[in-house]
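Overview (structure and organization)
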Amino acid sequence: MSTAEAAETGALLTLAREALERYLEVHVDDDGAITFSHGDVPCVIQATRLADGLTVLSLTCVVAWDRPDDPALAIAVAERAGQGLFGTLGLGHTDQGVDVTLRYAFPAEGMDPSPLGTLLMLVVSTASQLRMELPGVQD
């Protein structure tokens, strides 16, 4: 990673941290990633420079993990994914069952903290709502 890339991604992660701290307690990992939870949903934000002048934030929320591979859950995820959520809802198969994630990536350079925080909270709130509504997700 070049010095310029590290500076751009670092600045964007700092902005995201400041935006989220208005709403949540956040933690900055050793690699610079921001981790936090909203309700029972763990989330992480990372920054990536795709090209000169194009650095994106990537938010991943783990709605559920290690759940039984139930067709009702798969159908519910597919239905909700088509409802125009902020982010991409996905179902991933693992050795322990299935994981449900909500991912959202967007260019955030130049955003002010207030609208950035609002945008991030829209995605995070959607993930928490999904955790409550999807069948078989909560114990």
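Residues numbered from 1 in each chain as written. Predicted model: local features only at pLDDT ≥ 70, side-chain atom pairs only at ≥ 80, totals over all residues. Heavy atoms only, no water.

1. Topic: the layout of surface pockets
Take a probe with the size of a water molecule and roll it over the atoms, and the empty space left behind shows itself. The condition is simple: Space inside and on the surface of the protein is sampled on a 1 Å grid over the protein atoms alone, with a cavity defined as a set of points where a 1.4 Å probe fits but cannot get out and a pocket as an open set with protein on both sides within 12 Å along at least 5 of 7 lines; lining residues have an atom within 4 Å of a point. Grid points are joined across faces, edges and corners, and a volume is the space filled by probe spheres set on the points. Runs of H or I in DSSP of at least four residues are treated as helices and runs of E of at least two as strands, each being numbered from the N terminus. Throughout, the ten residues Ala, Val, Leu, Ile, Met, Phe, Trp, Tyr, Cys and Pro are labelled nonpolar, Asp, Glu, Lys and Arg are labelled charged, and all others, Gly among them, are labelled polar.
Space inside the largest pocket adds up to approximately 180 Å³. Every element with two or more residues in the lining of the largest pocket is listed here: α1 (3-20) and β3 (41-51). Among the elements that make up the lining of the largest pocket, the one with the highest residue count is α1 (five residues). Here the residues of the lining of the largest pocket are counted per class, giving six nonpolar, five polar and two charged.

2. Some remarks on the pairing of strand β5 (residues 88-94)
Where a strand is regular, its side chains alternate between the two sheet faces. Worth spelling out the cut-off: For two strands to be treated as a pair, DSSP must find at least two bridges joining them.
Taken together, the seven bridges between β5 and strand β6 (residues 97-107) define a ladder with antiparallel strand orientation. Note that in β6 the partner of G90 across the bridge is T101. The hairpin turn running from β5 into β6, its antiparallel successor, is two residues long.

3. Some thoughts on the pattern of salt bridges
Quick reminder of the rule: A side-chain nitrogen of Lys or Arg and a carboxyl oxygen of Asp or Glu constitute a salt bridge if their distance falls within 4 Å.
Under the criterion given, the structure shown has four salt bridges. In this structure, the salt-bridge partner of E8 is R49, at a minimum N-O distance of 3.2 Å. Here the residue E8 occupies a position in helix α1, and R49 occupies one in strand β3, the gap between them amounting to 41 residues. R17 is the partner of E21 in a salt bridge, and the nearest nitrogen-oxygen pair spans 3.0 Å. Among the ionic contacts, a cluster of salt bridges with common partners joins E8, R49 and D52.

4. Quick look at the packing of α1 against helix α3 (residues 113-133)
Describing two packed helices takes the angle between their axes plus the distance from one axis to the other. Worth spelling out the cut-off: Only the contacting stretch of a helix is used when fitting its axis, a line to C-alpha atoms as for every element, and angles between N-to-C directions run 0 to 180 degrees. Roughly parallel refers to an angle under 35 degrees, roughly antiparallel to one over 145, roughly perpendicular to one between 65 and 115, and oblique to any angle outside these ranges. Every residue pair with non-hydrogen atoms within 4.5 Å of one another is taken to be in contact.
Between α1 and α3, the least distance of the axes is 8 Å, while the angle of their chain directions is 75 degrees. Classified by the angle their axes make, α1 and α3 are roughly perpendicular. Across the interface between the two elements, L15, A16, A19 and L20 of α1 pack against P113, L116, G117, L120 and M121 of α3. Taken together, the residues of the contact of α1 with α3 sort by class into eight nonpolar, one polar and no charged.

5. Looking at the pairing of strand β4 (residues 54-67)
Alignment of β3 against β4, held across eight bridges, turns out to be antiparallel. The partner of T48 across the bridge, within β4, is V56. Turn length for the β3-β4 hairpin, with the two strands adjacent in sequence and antiparallel, is two residues, and the turn residue G53 shows positive phi of about 85 degrees. Two strands pair when backbone bridges link them, and β4 and β6 are joined in this way by nine bridges, in the antiparallel orientation. Each bridged residue has a counterpart across the sheet, and for A64 the counterpart in β6 is V100.

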